[in-house]
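# Summary of the model geometry
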Amino acid sequence: MAETTLNTTRRRRWVWWLLGAIVGLIVLVVLLWAIGTSGWFLAWMIRPELERRLGGSVAIRGANFDADGTFRFDEFVLRAPGVSGPPGEILWIKQGRVLLKVNRLWRGEVEVLEAEVDQAVIRISENVAKIGDLNIGHLLPEWESIDEMPVSLPDLVDIKDATVQVGRHEGEVFEVVGERRFSGQMMRSPTDQAQYDFQLDE
């Protein structure tokens, strides 16, 4: 009788342990899914690769990720190393939308299907104290074969309301000499998959 009671107690403990393990596993999977599909996690995962490819520091103020693979971000900024203040801000994007292939994210890969940029400023500035010293010259991008890139770029990028500013700077003071606003599309070059052709609507 005592042995039967002991076996029953052990069986119940095992059942409760199994149930607890299952619940814990479910919670862990949900937590990993929430983290893995959150915009901030994705931004954290992509940012080092962007910095390596663009050659400067990247900041993303806000981000979110939808279940359909749409990654939206706010206030994207690319800065040139060693150039402080507004002259060092080479690229500013107010809002962007990127459609990703979800099943590749779980393999640590990023495939971009579509991309859209809404309101952007591209700033090219020359140091008045050193002729020929452009802010974009401080970028140190690392480009390899397109086949080795962990981030697969889209065939088409829509650009809405972008401005190119050309000017000069002294210290952190930037002076605009000329600027041009445009919208259009960037299309992957048929001859070089690592480059884009531009079709602009000025």
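All residue numbers refer to positions counted from 1 along the written sequence of the respective chain. The model is predicted, so local features are restricted to residues of pLDDT at least 70 and side-chain atom pairs to those at 80 or more, both for listing and for counting; the totals for chains, interfaces and linings are taken over all residues. With hydrogens and water stripped out, all remaining heavy atoms of the structure feed into the side-chain values.

### Describing the overall build of the chain
The numbering of helices and of strands both runs from the N terminus, where a helix is a DSSP run of H or I of at least 4 residues and a strand a run of E of at least 2. Along the backbone of the chain there are 3 helices and 8 strands. Listed by position from the N terminus, the elements making up the chain come as α-α-β-β-β-α-β-β-β-β-β. Taken across its 202 residues, the chain has 33% of its residues classed as buried. Pairs at least 24 apart in sequence give 53% of the contacts found in the chain among residues at least 6 apart. Remark: exposure states derive from per-residue accessible area (1.4 Å probe, protein chains only) relative to the maximum for the residue type, with buried under 20%, exposed over 50%, and partly exposed in between. Note on definitions: a residue-residue contact is assigned when non-hydrogen atoms from the two residues lie within 4.5 Å.

### Topic: unusual backbone geometry
Note on backbone geometry: most residues besides glycine have negative phi, and most peptide bonds are trans. Even without being a glycine, Glu75 presents a positive backbone phi close to 55°. Along the chain, the position of Glu75 falls in strand 2 (residues 70–79). Given a relative accessible area of 25%, Glu75 falls into the partly exposed group. The residue Gln119 is not glycine, and still its phi comes out positive at about 70°.

### Observations regarding the pattern of salt bridges
A pairing counts as a salt bridge when a side-chain nitrogen of Lys or Arg comes within 4 Å of a carboxyl oxygen of Asp or Glu. Applying the stated rule across the entire model yields 5 salt bridges. Between Glu116 and Arg97 there is a salt bridge whose closest N-O contact spans 3.9 Å. Residue Glu116 is found in strand 4 (residues 110–127), and its partner Arg97 is found in strand 3 (residues 89–100); the two are separated by 19 residues along the sequence. A relative accessible area of 21% places Glu116 in the partly exposed class.

### Here we look at the confidence of the model for the chain
Confidence scores per residue from the predictor, reported as pLDDT, run from 0 to 100. Put simply, the chain has an average pLDDT of 76, and 68% of its residues get 70 or more. Averaged pLDDT values over the elements of the chain bottom out at 49 in helix 1 (residues 2–36) and peak at 91 in strand 6 (residues 156–170). Confidence over residues 19–35 falls short of pLDDT 50; this stretch has 3 contacts with residues more than four positions distant or in other chains.

### Some thoughts on the side chain of Asp133
You can see Asp133 is positioned in the loop between strand 4 and strand 5 (151–152). Charge counting follows a simple rule: Lys and Arg are positive, Asp and Glu are negative, and His as well as the terminal groups are ignored. Although Asp133 is buried, it forms no salt bridge, and the closest oppositely charged side chain is Lys130 at an N-O distance of 5.0 Å.

### Here's the deal with the nonpolar core
In this text, buried Ala, Val, Leu, Ile, Met, Phe, Trp, Tyr and Cys residues form a nonpolar core when linked through side-chain atoms within 4.5 Å. With 26 residues, the main nonpolar core has Phe71, Phe73, Phe76, Ile93 and Val157 as its most contacted residues. Here Val157 is in contact with Ala115, Val117, Gly184, Gln185, Met186 and Tyr196, once residues within four sequence places are set aside.

### Examining the environment of Ile131
With respect to the element layout, Ile131 can be found in the loop between strand 4 and strand 5. The spacing of Ile131 and Arg168 is 37 residues in sequence and 9.9 Å in space, taken between C-alpha atoms.

### Here we look at the packing of aromatic side chains
Aromatic rings in a pair are described by how distant their centres are and how their planes are angled relative to each other. Two aromatic rings from Phe, Tyr or Trp, using only the six-membered ring of Trp, form a pair when their centres are within 6.5 Å; if the ring planes differ by under 30 degrees the pair is stacked, by over 60 it is edge-to-face, and anything between is tilted. Enumeration over the complete set of coordinates arrives at 2 aromatic pairs. Consider the rings of Phe71 and Phe73, whose centres lie 6.1 Å apart with planes at 35°: the pair is tilted. You can call Phe71 buried: its relative accessible area is 5%. Taken together, Phe71, Phe73 and Phe76 form an aromatic cluster joined through their ring pairs.

### Re the side chain of Arg123
Checked against the element boundaries, Arg123 lands in strand 4. No salt bridge is formed by the buried Arg123; its nearest oppositely charged neighbour, Glu89, is found at 4.3 Å. For the purposes of these results, a polar contact is taken to be a pair of N or O atoms within 3.5 Å, where, inside protein, one atom must be able to donate a hydrogen and its partner to accept one; residues adjacent in sequence count only when each atom of the pair is a side-chain atom. Here the side chain of Arg123 touches Pro86 through a polar contact of 2.9 Å, landing on its backbone oxygen. Beyond its immediate chain neighbours, meaning those up to four positions away, Arg123 contacts Pro86, Glu89, Ile90, Asn135, Ile136, Gln165 and Phe174.

### Notes on the pairing of strand 6
The pairing criterion for strands is at least two bridges between them, as found by DSSP. As defined by bridge partners, strand 6 adjoins strand 7 (residues 173–188) across 13 bridges and the pair is classed as antiparallel. By the bridge assignment for strand 7, Glu170 is matched with Val173. Adjacent in sequence and paired antiparallel, strand 6 and strand 7 are bridged by 2 residues, among which Gly171 carries a positive phi angle near 65°.

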